[in-house]
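Results of the structural survey
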Amino acid sequence: GALRRRAGEELLAHKGRAVVCGDFNAARLREDIHNPDAPHLARQAGTTPRERASLQRTLDEVGLRDAFREMYPDARGVFTYWSQRTRARATNRGLRLDTFLAGPAVGVVDCYPVLTVCE
């Protein structure tokens, strides 16, 4: 899709030295979901198999790496989205939707979300 095309263009233009970051609206891995075995996830935005596979395909085809998972492959409970409706942040029931994707020539030193509550 558009993300794959644009990321590929940026990596080519910058010889693999590019970082694509933002809210990708997809929790790519089981570890990025607080309840990965919940039956409703197959239909919930951001956690459908199609969305998750599409983001993985983008990483694979373009040559991007998930900077956070590269540094913290076993981390659990690190999320960037929580439902406001269910007040899920208080109990850390969330998803990791915001991601830094590093090109092959980018040396990742660290990449850990530091979250601040703005009231």
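Here's a quick rundown of the structure. Fair warning: this is a prediction, and the values are worked out from it, not measured in the lab.

Focus on the overall build of the protein chain
Summing up its helical and strand segments, the protein chain has three helices and five strands in all. Taken against the 2.2 N^0.38 rule, which gives 14 Å for 119 residues, the C-alpha radius of gyration of the protein chain at 15 Å falls within 12% of a compact globule. Seen through its C-alpha atoms, the protein chain measures out along the principal axes to roughly 45 × 30 × 30 Å. In the protein chain, which comprises 119 residues, the proportion classed as buried is 37%. Across the protein chain, contacts joining residues at least 24 apart in sequence account for 71% of those joining residues at least 6 apart. For the protein chain, the exposed surface amounts to about 7500 Å²; the carbon and sulfur share of it is 53%. The centroid of the 19 positive side-chain charges in the protein chain is displaced by 4 Å from the centroid of its 15 negative side-chain charges.

Section: the side chain of arginine 28
Note that arginine 28 resides in the loop between β1 (19-23) and α2 (49-62). What arginine 28 contacts, discounting residues up to four positions off in sequence, is Arg52, Leu55, Gln56, Leu59, Asp66 and Arg69.

Concerning the environment of valine 106
Relative to the elements of secondary structure, valine 106 occurs in the segment after β5 (98-102). With 88 residues separating them along the chain, valine 106 and alanine 18 place their C-alpha atoms 6.8 Å apart. Among all residues touching valine 106, those that are not within four sequence positions of it are Gly16, Arg17, Ala18, Val19 and Arg65.

Quick notes on α2
The terminal C-alpha atoms of α2 lie 20 Å apart, and with 14 residues this matches the ideal 20 Å at 1.5 Å per residue to within 8%. Buried residues of α2: Arg52, Leu55, Thr58, Leu59 and Val62, and no others. Projected onto a plane normal to the axis of α2, the buried residues spread over an arc of 125° and lie on a single side. Exposed side chains of α2 directed beyond 90 degrees from the buried face belong to Pro49, Arg50, Asp60 and Glu61. Residues of α2 that are buried in the fold lie against α1 (2-13), β2 (65-66) and β5. Looking one or two residues past α2, glycine 63 carries a phi angle of roughly 90°, positive in sign.

About the criteria used
- Residues numbered from 1 in each chain as written.
- Predicted model: local features only at pLDDT ≥ 70, side-chain atom pairs only at ≥ 80, totals over all residues.
- Heavy atoms only, no water.
- Helix = DSSP H or I, 4+ residues; strand = E, 2+ residues; numbered from the N terminus.
- Rg over C-alpha atoms; globule rule 2.2 N^0.38 Å.
- Buried < 20%, exposed > 50% of the residue type's maximum accessible area, 1.4 Å probe, protein only.
- Contact = heavy atoms within 4.5 Å.
- Areas by Shrake-Rupley, 256 points an atom, 1.4 Å probe, with all protein chains shown as cover.
- Lys, Arg positive; Asp, Glu negative; His and termini not counted.
- Charge placed at Lys NZ, Arg CZ, Asp CG, Glu CD.
- Expected span 1.5 Å × (residues − 1).
- Arc of directions from axis to C-beta.

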